[in-house]
Amino acid sequence: MGDGDDVGRGLRAFLARELDADDLTIAGLRRHIEGFSWETWDLTADWTSNGRRRRRRLIARRVPQAGLAPPYDVPGQWELARVLRSAPGIPLPEPLWVDAAGEATGRPLFFMQHIEGDVPAPWNTHKYFRDDAHRRAIGHHLVRILSAVHAVPLSSSPRSAPGND
């Protein structure tokens, strides 16, 4: 039995509690290699709620065993995502649930909705940036998003954010 099996069991148990769904199953559990600074797990949850069968694709972001960007503040990340998601011009998936103590899998994590798309990585950028004009347009789009992030008042950020003591 591998790490994915243990993670899958922990994620299933956590989601079953959060969704109050004893019959919850997960399928398609896969760890992404993109993202580099967090463990990113993709899965589909199926359960029954109010007599209706539900299905939702989710992403779990878990503190890595040996990360590139410590310290990892899971509650702060989750709360910051909630604040930024409500600001105009910042496209973020909905943050859903947080396991700050790491009870589900042995390390803290949070869940967010899955957004369809691909992540450019150093080995596949040729697939995403077809020419200089396209690269420039994406750069301008990212600058607009960063401007929107910087326009969010510091007072609306979580208390655990650096500089917000």
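Here the structure is shown first, and the text comes after it.
Residues numbered from 1 in each chain as written. Predicted model: local features only at pLDDT ≥ 70, side-chain atom pairs only at ≥ 80, totals over all residues. Heavy atoms only, no water.

Participant: What should I look at first to understand the overall build of the chain in this one?
Facilitator: Scanning the chain from terminus to terminus reveals three helices and five strands. Principal axes of the C-alpha set define a box for the chain whose edges measure 50 × 40 × 35 Å. Looking at the chain residue by residue over its 165 residues, the buried ones come to 39%. Looking at the chain alone, contacts between residues at least 24 apart form 49% of all its contacts between residues at least 6 apart. Of the accessible surface of the chain, which amounts to about 10,400 Å², a share of 53% is contributed by carbon and sulfur atoms. Side chains of the chain carry 22 positive and 21 negative charges; the gap between the two charge centres is 5 Å. (Helix = DSSP H or I, 4+ residues; strand = E, 2+ residues; numbered from the N terminus. Buried < 20%, exposed > 50% of the residue type's maximum accessible area, 1.4 Å probe, protein only. Contact = heavy atoms within 4.5 Å. Areas by Shrake-Rupley, 256 points an atom, 1.4 Å probe, with all protein chains shown as cover. Lys, Arg positive; Asp, Glu negative; His and termini not counted. Charge placed at Lys NZ, Arg CZ, Asp CG, Glu CD.)

Participant: Even after reading the chapter, I still don't get the layout of surface pockets, so can you show me in this structure?
Facilitator: A water-sized probe, rolled over the atoms, reveals where empty space remains. Size it by volume and the largest pocket reaches roughly 1,300 Å³. Taken together, 37 residues form the lining of the largest pocket, with Arg61, Leu92, Pro93, Met112 and Val119 sitting closest to its centre. Only β1 (25-32), β2 (39-49), β3 (52-62), α2 (74-85), β5 (109-113) and α3 (132-151) provide two or more residues apiece to the lining of the largest pocket. Here the lining of the largest pocket is built from residues that sort into 19 nonpolar, nine polar and nine charged. (1 Å grid on protein atoms, 1.4 Å probe; cavity = no way out; pocket = protein on both sides within 12 Å on 5 of 7 lines; lining within 4 Å. Points joined across faces, edges and corners; volume = space filled by probe spheres on them. Nonpolar A, V, L, I, M, F, W, Y, C, P; charged D, E, K, R; others polar.)

Participant: So what exactly am I meant to see when it comes to the pairing of β2 here?
Facilitator: Residues in a regular strand point their side chains to alternate faces of the sheet. With nine of its eleven residues buried, β2 lies for the most part within the structure. Across six bridges, β1 lies against β2 in antiparallel orientation. Its bridge partner lying in β2, arginine 31 is registered against tryptophan 41. Note that β2 and β3 share eleven bridges and pair antiparallel. The residue bridging threonine 40 from the neighbouring strand is arginine 61, located in β3. Between β2 and β3, which pair antiparallel one after the other, the connecting turn spans two residues, and asparagine 50 there sits at a positive phi close to 55 degrees. (Pairing = 2+ DSSP bridges.)

Participant: Just to check I follow, could you spell out the packing of aromatic side chains for this structure?
Facilitator: The geometry of two aromatic rings is summed up by the distance between their centres and the angle between their planes. This structure, assessed with the given rule, holds four aromatic pairs. Relative to phenylalanine 111, the ring of phenylalanine 14 has its centre 5.7 Å away and its plane inclined at 10 degrees; by these criteria the two rings are stacked. In this pair, phenylalanine 14 is assigned in helix α1 (residues 3-19) and phenylalanine 111 in strand β5, connecting sequence segments 97 residues apart. Accessibility assignment for this pair places phenylalanine 14 and phenylalanine 111 in one class, buried. Geometrically, the ring pair formed by tryptophan 38 and phenylalanine 110 is edge-to-face, given 5.7 Å between the ring centres and 85 degrees between the ring planes. (Phe/Tyr/Trp six-rings, centres within 6.5 Å; stacked < 30°, edge-to-face > 60°.)

Participant: Would you take a moment to explain α3 for this structure?
Facilitator: Three or four residues apart is the spacing at which side chains of an α-helix point the same way, because the helix has 3.6 residues per turn. Here α3 spans 29 Å end to end across 20 residues, near enough to the 28 Å set by a 1.5 Å rise per residue. Within α3, the full set of buried residues consists of His134, Ile145 and Ala148. Along α3, the residues classed as buried sweep out an arc of 55 degrees about the axis, all on the same side. More than 90 degrees from the buried face of α3, the exposed residues found are Asp132, Arg136, Val143, Leu146, His150 and Ala151. Where α3 begins, the side chain of aspartate 131 points an oxygen toward the backbone nitrogen of alanine 133, at a separation of 3.2 Å. (Expected span 1.5 Å × (residues − 1). Arc of directions from axis to C-beta. Polar contact = N/O pair within 3.5 Å; in protein donor to acceptor, adjacent residues only side chain to side chain.)

Participant: What should I look at first to understand the sheet that holds strand β4 (residues 95-99) in this one?
Facilitator: Read from one edge to the other, the open sheet built from five strands follows the order β1-β2-β3-β5-β4, with strand pairing classed as antiparallel. At either margin of the open sheet sits one strand with a lone partner, and together these are β1 and β4. Across the sheet, the axes of successive neighbouring strands diverge by a mean angle of 25 degrees, strand direction being ignored. Taken together, the five bridges between β3 and β5 define a ladder with antiparallel strand orientation. For leucine 58, the partnering residue across the bridge sits in β5 and is glutamine 113. Seen against the sheet, α2 touches β4 and β5 and runs at an angle of roughly 165 degrees to β4. (Axes fitted to C-alpha atoms, helices over the stretch in contact; angles between N-to-C directions.)

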